[in-house]
Amino acid sequence: MSNIFLTSDWHLGHDREFIWKIRGFASVEDMNEAIIERHNAQVKEDDDVYVLGDVCLGDINNINYIKSCNSISVSGINEFGHKKMNQDTLLIERNVNGIFKEKLMDYIVRAVDKERQVRIFAITSRELVEKAREIHNTSPVATAALGRLLSAGAMMGQMLKGEEELLTIKMKGDGKINGVTVLADNSAKVKGYVGNPSVMLPPNYAGKLDVGAAIGYGELTVIKDMGLKEPYISKVPLATSEVAEDLTYYFASSEQTPSAVGLGVLMSKDNHVREAGGFIVQMMPDAKEETVSKIEENLSKITSVTDILKEGKTPEDLVKAVMGDIEVEFTDRIEAKYECNCSKERVMRVLATLNKKDLADLIAEGEDIEVNCDLCNSKYVFKTDEL
């Protein structure tokens, strides 16, 4: 069960003896570190903490202390009227607001190494996966399966060239989840559903949610609608049905691009999404063996994506974990959302494609018809006169 805490008057970075000395500290640095250490010892990742005011003051670097806090929302910054500090205070306020907006915002970063041998995408996706869980009322294992594919789909959507291009990924196996489907575009909007959202399975041998067993043996299908006469369709057998390994195999076999995919969804005890995200790193045709070996070594040190994210890390940190000491350049950052573009008008256009006999039969029944969207569970009712 999560807790709610209220606190105030941290005064991080307020380097005045009447602040830190009266609290029994030897310096402002000691006070800063002690506050954060005690905070994190008491507050867990799924708790909610509200700091009601007087959070920090002074050098802009003091926001780094705030970044290391578990589960915090800020409603006030202390300015104390020091004119010489006003500019820094404004910077701190902007950055603090940005930090906590980021903590609530999913986003994707794209980066390349300086020699353009490698490209990498990374995402935090807790909010969009949680939204999917709420919409579909998914069980923990269904949330993990859908969440992993949603994260991957959002990143793969960034590989599309045109604004009108669409990506569909389907994992259809013989498991009880009865398939996972995700759709994405190149603006980081993603949506999806599972065939059986209430599927329940015991943990796997490692004590983790058994996504592989839920999906089962079967086929991975990737469809790219690029506005041509026919979409690009590629099908490969599922390797492990754990999602990341299957996409790694897809990139190698269908796109001939050596890649590594890491995905994760961490659930809380009350069936909410605690962390979600992932990365896709891909080697360009001229990648040097030395570069490939370094990345392989870095990947071997990553235990899981969610282990990194639950420490408060960002997509940029995921990139650094994969790339290590290879210098990178971040080329893009975009907010990721779970968003469905269905509407009554769109559904009406679909109904208009029915043949005249089918429409006449529906009208003859004299009853309203209801159409449900599988992706967002919206319901659209059409009366006889509309038909």
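Above: the structure in question.
These figures come from a predicted structure and were not determined experimentally.

The rules we used
Residues numbered from 1 in each chain as written. Predicted model: local features only at pLDDT ≥ 70, side-chain atom pairs only at ≥ 80, totals over all residues. Heavy atoms only, no water. Helix = DSSP H or I, 4+ residues; strand = E, 2+ residues; numbered from the N terminus. Expected span 1.5 Å × (residues − 1). Buried < 20%, exposed > 50% of the residue type's maximum accessible area, 1.4 Å probe, protein only. Phe/Tyr/Trp six-rings, centres within 6.5 Å; stacked < 30°, edge-to-face > 60°. Lys NZ or Arg CZ within 6 Å of the ring centre and 35° of its normal. Pairing = 2+ DSSP bridges. Contact = heavy atoms within 4.5 Å. Axes fitted to C-alpha atoms, helices over the stretch in contact; angles between N-to-C directions. Disulfide = S-S within 2.5 Å. Core = buried A, V, L, I, M, F, W, Y, C linked by side-chain atoms within 4.5 Å. Patch = residues over 30% accessible without salt bridge, like charges linked within 9 Å, V, L, I, M, F, W, Y side chains within 5 Å. Areas by Shrake-Rupley, 256 points an atom, 1.4 Å probe, with all protein chains shown as cover. Salt bridge = Lys/Arg side-chain N within 4 Å of Asp/Glu carboxyl O. Parallel < 35°, antiparallel > 145°, perpendicular 65-115°, else oblique. Left-handed = near helix turned anticlockwise from the far one by under 90°. Nonpolar A, V, L, I, M, F, W, Y, C, P; charged D, E, K, R; others polar.

Visitor: Even after reading the chapter, I still don't get helix H2 (residues 28–42), so can you show me in this structure?
Guide: An α-helix turns once per 3.6 residues; consequently, residues spaced three or four apart project the same way. For H2, with 15 residues, the first-to-last C-alpha span of 21 Å sits near the 21 Å given by 1.5 Å per residue. Considered for burial, the residues of H2 that qualify are Val-28, Met-31, Asn-32, Ala-34, Ile-35, Ile-36 and His-39.

Visitor: How should I be thinking about the packing of aromatic side chains in this particular structure?
Guide: Any aromatic ring pair is given by two values, namely how distant the centres are and how the planes are angled relative to each other. Within the structure shown, the criterion is met by 1 aromatic pair. Seen from their ring centres, Tyr-250 and Phe-251 are 5.3 Å apart, and the 55° between their planes marks the pair as tilted. Take Tyr-250: its relative accessible area is 0%, and that puts it in the buried class. With relative accessibility at 0%, the residue Phe-251 sits in the buried group. The ring of Phe-382 has Lys-344 lying over it, and the distance from NZ or CZ to the ring centre is 5.1 Å.

Visitor: Sorry, what's going on with the sheet that holds strand S14 (residues 337–338) here?
Guide: Backbone-to-backbone hydrogen bonds pair the strands of a sheet. The strands run either parallel or antiparallel. Read across the sheet, 6 strands follow the order S10-S9-S6-S7-S8-S14 without closing on themselves; strand pairing throughout is mixed. Since the sheet does not close on itself, it has two edges, and those belong to strand S10 (232–237) and S14, each with one partner. Here strand S6 (residues 166–173) runs beside strand S9 (residues 218–225); their pairing, made up of 8 bridges, is antiparallel. If you follow Thr-168 over to S9, its bridge partner there is Ile-223. Most of the contacts of helix H8 (residues 244–254) go to S10, to which it runs at about 120°, and overall it touches S6, S9 and S10.

Visitor: I keep staring at the state of the cysteines and nothing clicks. Help me out?
Guide: Covalent bonding between the sulfur atoms of two cysteines defines a disulfide. As enumerated under the stated definition, the model contains 0 disulfides in all. There is no disulfide at Cys-340, and the cysteine sulfur nearest it, in Cys-342, is 3.7 Å away.

Visitor: What should I look at first to understand the nonpolar core in this one?
Guide: One broad trend across soluble globular proteins is that nonpolar side chains are buried collectively. Judged by nonpolar contacts, the single largest core of 51 residues is most densely connected at Met-156, Ile-177, Ile-215, Leu-220 and Leu-247. A total of 11 residues in this core trace back to one element, the largest contributor, which is helix H6 (residues 140–157). Once residues within four sequence positions are removed from consideration, Ile-215 is found in contact with Ala-145, Met-171, Gly-173, Asp-174, Gly-175, Ile-177, Val-180, Leu-238, Ser-241 and Val-243. By size, the runner-up hydrophobic cluster in this structure holds 22 residues, among which are Ala-260, Val-281, Ile-295 and Leu-309.

Visitor: Hey, could you run me through a nonpolar patch on the surface in this one?
Guide: On the surface, a nonpolar cluster with roughly 450 Å² of combined accessible area is contributed by Ile-4, Leu-6, Tyr-50 and Leu-52. Assignment of secondary structure puts Leu-6 in strand S1 (residues 4–7). Given a relative accessible area of 62%, Leu-6 falls into the exposed group.

Visitor: It is not clear to me how the packing of helix H5 (residues 126–136) against H6 should be interpreted in this structure. Could you clarify?
Guide: The description of two packed helices rests on the angle between their axes and on the distance between the axes. Between H5 and H6, the least distance of the axes is 9 Å, while the angle of their chain directions is 135°. Taken together, the axis directions place H5 and H6 in an arrangement best described as oblique. By crossing handedness, the relation of H5 to H6 is classed as right-handed. From H5, Leu-128, Val-129, Ala-132, Arg-133 and His-136 reach across to H6, where they touch Thr-143, Leu-146, Gly-147, Leu-150 and Ser-151. By residue class, the composition of the contact of H5 with H6 is 5 nonpolar, 4 polar and 1 charged.

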